[in-house]
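Single-letter residue listing:
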Amino acid sequence: MKVDEKSIQASLTQWIVDMEGASGTLYEGERFQLLFKFSSRYPFDSPEVVFIGDNIPVHPHVYSNGHICLSILTEDWSPALSVQSVCLSIVSMLSSCKDKKRPPDNALYVRTCDKNPKKTKWWYHDDNC
């Protein structure tokens, strides 16, 4: 993973991180971009993290609008977590996937959700893909 230095120069509160799917997984060789938005309360408040760009991974916990259902991005956030640890958690989530598919409620969620995924009341009901 690599932080796009131009994105940091433009704004310290928004970072773009380039990442690649891990070898030996369904996402091997695929390239993704994450947008991190930091509030004035960071690191006590989690950053807003979404996939952006042309290649949003097809995954049971990733909506087609780029929103990610991952507990460390909301209720399990800790100020000890870093951008790198968040990215590693996302790579791990993708790597454990056994079937590329969207969440079952993707169409409804994308149509009705807030632009900020942190305002979603996520229901963390499984650890499997």
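Residues numbered from 1 in each chain as written. Predicted model: local features only at pLDDT ≥ 70, side-chain atom pairs only at ≥ 80, totals over all residues. Heavy atoms only, no water.

In the annotation of an unreviewed UniProt entry, the entry for the chain reads N-terminal E2 ubiquitin-conjugating enzyme, and the organism field reads Eptatretus burgeri.

Here the focus is the sheet that holds strand β3 (residues 31–37). Spatial ordering of the open sheet is given by β1-β2-β3-β4, a layout of 4 strands whose pairing is antiparallel. Two strands lie at the open edges of the sheet, namely β1 (2–3) and β4 (48–52), each paired on one side alone. Alignment of β1 against strand β2 (residues 14–20), held across 2 bridges, turns out to be antiparallel. Looking at β2, one finds that Lys-2 is bridged to Asp-18. (Pairing = 2+ DSSP bridges. Helix = DSSP H or I, 4+ residues; strand = E, 2+ residues; numbered from the N terminus.)

The next subject is the pattern of salt bridges. Where charged atoms of side chains with opposite charge meet at close range, the side chains can pair. Throughout the structure, instances matching the rule amount to 3 salt bridges. We note a salt bridge from Glu-20 to Arg-31, for which the minimum N-O separation is 3.2 Å. Of this pair, Glu-20 sits in strand β2 while Arg-31 sits in strand β3, and the two are 11 residues apart along the sequence. (Salt bridge = Lys/Arg side-chain N within 4 Å of Asp/Glu carboxyl O.)

Further remarks concern the nonpolar core. The biggest cluster of nonpolar side chains holds 24 residues, and the ones touching the most others in it are Leu-34, Phe-36, Val-49, Phe-51, Ile-68, Val-86 and Ile-90. Residue assignment for this core shows that the elements contributing at least two residues are β2, β3, β4 and α2 (83–95). Broken down by element, this core gets its largest block of residues, 7 residues, from α2. (Core = buried A, V, L, I, M, F, W, Y, C linked by side-chain atoms within 4.5 Å. Buried < 20%, exposed > 50% of the residue type's maximum accessible area, 1.4 Å probe, protein only.)

A word on the side chain of Asn-106. As for its position among the elements, Asn-106 is in helix α3 (residues 106–112). What makes Asn-106 buried here is its relative accessible area of 13%. A polar side-chain atom of Asn-106 sits 2.9 Å from the main-chain amide nitrogen of Ser-64. Setting aside its immediate chain neighbours within four residues, Asn-106 contacts Tyr-63 and Ser-64. (Polar contact = N/O pair within 3.5 Å; in protein donor to acceptor, adjacent residues only side chain to side chain. Contact = heavy atoms within 4.5 Å.)

With 94% of its residues at a pLDDT of 70 or more, the chain shows a mean pLDDT of 92. No element of the chain has a lower mean pLDDT than helix α1 (residues 5–10), which averages 69, and none a higher one than β4, which averages 98. (pLDDT = per-residue confidence, 0-100.)

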